[in-house]
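Residues per chain are reported as follows:
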Amino acid sequence: MRNTVEDGPKRAVRATLVKVLLHSRTDRGMSLLEWAGRCVRAGEVHELVVTDQWAPVAGARIDRVGFLGFAEMECGGVVDRGDVLRIGGIEVGPVLGFDGCHFPNHYNILVHNPVLLTGASLDLRPESPVVFDGQQAAGEGSKD
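A brief structural summary. Position numbers for residues start from 1 in each chain and track the written sequence from start to end. Given that this is a predicted model, residues contribute local features only at a pLDDT of at least 70 and side-chain atom pairs are listed and counted only at 80 or more, while totals for whole chains, interfaces and linings are drawn from all residues. Side-chain metrics in this entry use all non-hydrogen atoms of the structure; hydrogen atoms and water are not considered.

Remarks on the nonpolar core
The nonpolar side chains of soluble globular proteins are, as a tendency, buried together. Working definition of a nonpolar core: buried Ala, Val, Leu, Ile, Met, Phe, Trp, Tyr and Cys residues. They are joined through side-chain atoms within 4.5 Å. Three labels apply to residues, based on accessible area from a 1.4 Å probe with only protein chains included: buried if under 20% of the type maximum, exposed if over 50%, partly exposed otherwise in between. Counting 24 residues, the largest nonpolar core has Leu48, Leu68, Leu85, Ile87, Val92, Val130 and Phe132 as the members making the most contacts within it. Going along the chain from the N terminus, every DSSP run of H or I of four or more residues is numbered as a helix, and every run of E of two or more is numbered as a strand. Looking at this core, the elements with two or more residues in it are strand 1 (13-20), strand 5 (45-51), strand 7 (65-73), strand 9 (84-87), strand 10 (90-99), strand 11 (108-112) and strand 12 (129-133). No other element matches strand 1, which puts 4 residues into this core. Of all hydrophobic cores here, the second largest spans 12 residues; its members include Leu32, Val49, Ile62 and Leu110.

Pasting the structure below:
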């Protein structure tokens, strides 16, 4: 999913879950930003959102979402489409893209999973470790 011709190795972006969210929606109306990657800074807080929709194109409307929570970035880095999100050692799925409706307060980082997960369904807890890494998710082929 990453462009291996242009993209070199990078470090994992590590974060800590600071708030768990428990709900889902089927009419959210998020819109994917045109960029496949976003830089994040240590100390920033961003929202983690799961969708069962796969539409990695700019402007795609994302309605079906499950909210996982908010994570505080422990280090600066780059989160790219296709990076694997893991929370507390659980593989959630690959990053689909970003919604900027709340920016500059925070990005919604959209993650793909065939099941609409929430913080409740994963039994998430504050202080759980969050990792975004450049490995391809298990079972995910290139969809760009």
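There is more to say after this.
Focus on the side chain of Asp99
Here Asp99 lies in strand 10. For this count, His and the chain ends are skipped, Lys and Arg are scored as positive, and Asp and Glu as negative. Here, a salt bridge means any Lys or Arg side-chain nitrogen found within 4 Å of an Asp or Glu carboxyl oxygen. Arg28 provides the closest opposite charge to the buried, salt-bridge-free Asp99, at an N-O distance of 5.0 Å. Nitrogen and oxygen atoms within 3.5 Å of one another constitute a polar contact, given that in protein one can donate a hydrogen and the other can accept it, and given that sequence-neighbouring residues count only through two side-chain atoms. Of note is the side chain of Asp99, whose polar atom sits 3.0 Å from the backbone nitrogen of Ser31. Separated by 2.7 Å, the side chains of Asp99 and Asn108 make a polar contact.

Topic: the pairing of strand 7
Across the 9 residues that make up strand 7, a large majority, 8, are buried. Think of it this way: DSSP has to see at least two bridges between two strands before they count as a pair. Summarising the sheet, strand 1 and strand 7 pair through 5 bridges and their orientation is antiparallel. Across the sheet, residue Ala15 finds its bridge partner in strand 7, namely Met73. In the sheet, strand 2 (residues 24-25) pairs with strand 7 via 2 bridges, with the strands oriented antiparallel. Its bridge partner being in strand 7, Arg25 is matched across the sheet by Val65.

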